[in-house]
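# Tertiary structure, described
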Amino acid sequence: MAGSHSHRFCQLAAAGAACFSLVAVAAEEKPLWELGAGIAGFTFPYYRGSDQTSNFVLPVPYFTYHGDFFKADRHGIRGSFFDSDRVDLSVSLALSPPGSSDDIRARSGMPNLEATFEIGPQMDITFWRSENRARFVKLLLPLRAAFTVESSPQDVGWVFHPRVNMDITDLPGMPGWNLGLLAGVVFGNQRQNAYYYSVAPQYATAMRPAYQAGGGYAGTQYLVALSKRFPKFWLGGFARYDNLSGATFEESPLVRQKDYFAAGFSVNWILGESSTRVRVDD
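Residues numbered from 1 in each chain as written. Predicted model: local features only at pLDDT ≥ 70, side-chain atom pairs only at ≥ 80, totals over all residues. Heavy atoms only, no water.

### Some points on the overall build of the protein
As a reminder of what qualifies: Helix numbering and strand numbering both begin at the N terminus, where a helix is a DSSP run of H or I of at least 4 residues and a strand a DSSP run of E of at least 2. Exposure categories follow from relative accessible area, calculated using a 1.4 Å probe and restricted to protein chains: below 20% of the type maximum is buried, above 50% is exposed, and the middle band is partly exposed. What makes two residues a contact is simply this: any of their non-hydrogen atoms within 4.5 Å.
Of the regular secondary structure elements, the protein holds 2 helices and 15 strands. Counting over 282 residues, the protein shows a buried share of 48%. Residue pairs at least 24 apart in sequence account for 64% of intrachain contacts in the protein once pairs closer than 6 positions are excluded.

The following block contains the structure:
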């Protein structure tokens, strides 16, 4: 049991760090890498559509890297294959935390939800960018294959998550504060949606009938993030709204709530940085 709690804690720490990756930054000379650590608090459902919420305060790592290929910053961890003024092609990564069916009433008696790791290509198309490259509007087009994180990983389908992203640096009247906005839709194939929303006949009950989730539209997401970088630490917060109305699986007995808010904050202290400076455009 202790090992299970430790595993869940590590996965949640990673997921918490990922929640604070959307931060606008002006074009300027920055260290090649930075290392740090901090604390984050956040609240989110066990899975999209759950009517139960997890609330956590936990330590998170802070890491940025601005290499020619490998990059770790507000857009996540990725490898950049192609980068132009209008089109970027990179590798996109994502991580989702696990959920124990002992803690989730809707899934009582069903298999646990394992943590998942996602990887795939992402194309970013820039619609507009300010002259100083500090503000922009982009279309993000990530397509990722998903796998469970366990001793024998399982293929749990793919996710397509097109989003419009606007970053605004130095908000009017709030110098140094940066705003990030995201709005998009989510699609999953049959295997992806079934992992979260299907109910096999052997797990059906009077209150939870058997159900087979199909592939397709999986709802919308909207996110707002606000942050500021101080000389020795970074402060940020986010709020996210999800709506599953119209999703191909919205009639699943595991969908207990069709819309919800998630939110969080983080404070990270910069403990070390590279002496090498590189230009970071956005």
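Further notes follow.
### Describing the pattern of salt bridges
Going by this rule: Salt bridges, as used here, are contacts in which a Lys or Arg side-chain nitrogen is within 4 Å of a carboxyl oxygen on Asp or Glu.
A complete count under the given rule lists 8 salt bridges for this structure. For R48, the salt bridge is made with D242, and the minimal N-O distance between the two is 2.8 Å. Pair noted here: R48 is in the loop between β2 (33-45) and β3 (53-66) and D242 is in strand β13 (residues 233-243), with a separation of 194 residues, a long-range link. When sorted by exposure, R48 lands in the same class as D242, which is buried. Its salt-bridge partner being K258, residue E250 comes within 2.9 Å of it at the nearest N-O pair. A network of salt bridges, in which partner residues are shared, links R48, R240 and D242.

### Structural notes on the nonpolar core
The condition is simple: In this text, buried Ala, Val, Leu, Ile, Met, Phe, Trp, Tyr and Cys residues form a nonpolar core when linked through side-chain atoms within 4.5 Å.
Counting residues in each nonpolar core, the largest one holds 22 residues, and the members touching the most others are Y47, Y196, Y197, L244, F249 and L254. Elements that contribute at least two residues to this core include exactly β9 (155-160) and α2 (190-197). Here this core takes 3 residues from α2, the largest share from any one element. When residues no more than four places from it in sequence are discounted, the contact partners of L244 are R48, G49, Y197, A218, G219, F249, E250, V255, Q257 and K258. In this structure, A40, L58, V60 and A262 belong to the second largest nonpolar core, which totals 6 residues.

### Looking at a nonpolar patch on the surface
We count it as follows: Patch members must show over 30% relative accessible area and no salt bridge, and they are joined within 9 Å when carrying like charges or within 5 Å when they are nonpolar side chains of Val, Leu, Ile, Met, Phe, Trp or Tyr. For the area figures, the Shrake-Rupley method with a 1.4 Å probe applies, and any residue is considered shielded solely by the protein chains shown.
On the surface, I39, V57, F233, W269 and L271 cluster together into a nonpolar patch covering about 510 Å² of accessible area. Along the chain, I39 turns up in strand β2.

### Topic: the packing of aromatic side chains
Under the convention used in this document: By convention, a stacked pair of Phe, Tyr or Trp rings (six-membered ring in the case of Trp) has centres within 6.5 Å and planes under 30 degrees apart, an edge-to-face pair has planes over 60 apart, and any other such pair is tilted.
On inspection of all chains with the given rule, the structure shows 13 aromatic pairs. Ring centres of F42 and F44 lie 5.0 Å apart, and the angle between their planes is 10°; this geometry places the pair in the stacked category. F44 sits in the buried class, given a relative accessible area of 12%. Pairing F160 with F187 gives two aromatic rings, centres 6.3 Å apart and planes at 25°, and the pair type is stacked. Of this pair, F160 sits in strand β9 while F187 sits in strand β11 (residues 177-188), and the two are 27 residues apart along the sequence. When its relative accessible area of 27% is taken as the criterion, F160 is described as partly exposed.

### Observations concerning α2
With 6 of 8 residues buried, α2 is to be regarded as a mostly interior element. Inspection of α2 places Q192, N193, A194, Y195, Y196 and Y197 among the buried residues, and these make up the whole buried set. The secondary structure elements touched by the buried residues of α2 are β6 (87-96), β7 (116-129), β8 (136-148), β9, β11 and β12 (216-229).

### Quick word on the confidence of the model for the protein
Using the following cut-off: Per residue, pLDDT measures the predictor's confidence, with a range of 0 to 100.
Of all residues in the protein, 82% attain a pLDDT of 70 or more, and the chain-wide mean is 86. Confidence over residues 1-11 falls short of pLDDT 50; this stretch has 13 contacts with residues more than four positions distant or in other chains. A low-confidence stretch, residues 21-26 stays under pLDDT 50, and its non-local contacts, those more than four residues away or across chains, total 31 contacts.

### Concerning the environment of R240
Selection rule: For the purposes of these results, a polar contact is taken to be a pair of N or O atoms within 3.5 Å, where, inside protein, one atom must be able to donate a hydrogen and its partner to accept one; residues adjacent in sequence count only when each atom of the pair is a side-chain atom.
Note that R240 resides in strand β13. Between the alpha carbons of R240 and L182 there is a distance of 9.1 Å; along the sequence they are 58 residues apart. Not counting residues up to four positions away in its chain, the partners in contact with R240 are Q221, Y222, L223, Y260, F261 and A262. Reaching out from R240, the side chain makes a polar contact with the side chain of D242 at a distance of 2.8 Å.

### Considerations on the pairing of β13
Put simply, the rule reads: Pairing between two strands requires that DSSP report at least two bridges joining them.
As judged from the 10 bridges shared by β12 and β13, these two strands associate in the antiparallel manner. Paired with R229 across the strands is W234, a residue of β13. Here β12 hands over to β13 after 3 residues, the two strands then running antiparallel side by side.

### Regarding the pairing of β2
By the bridge criterion, 13 bridges tie β2 to β3 in an arrangement that is antiparallel. Within the sheet, the bridge partner assigned to A37 lies in β3 and is P61. Here β2 runs beside strand β14 (residues 259-273); their pairing, made up of 10 bridges, is antiparallel. Bridging across to β14, E34 finds its partner in E273.

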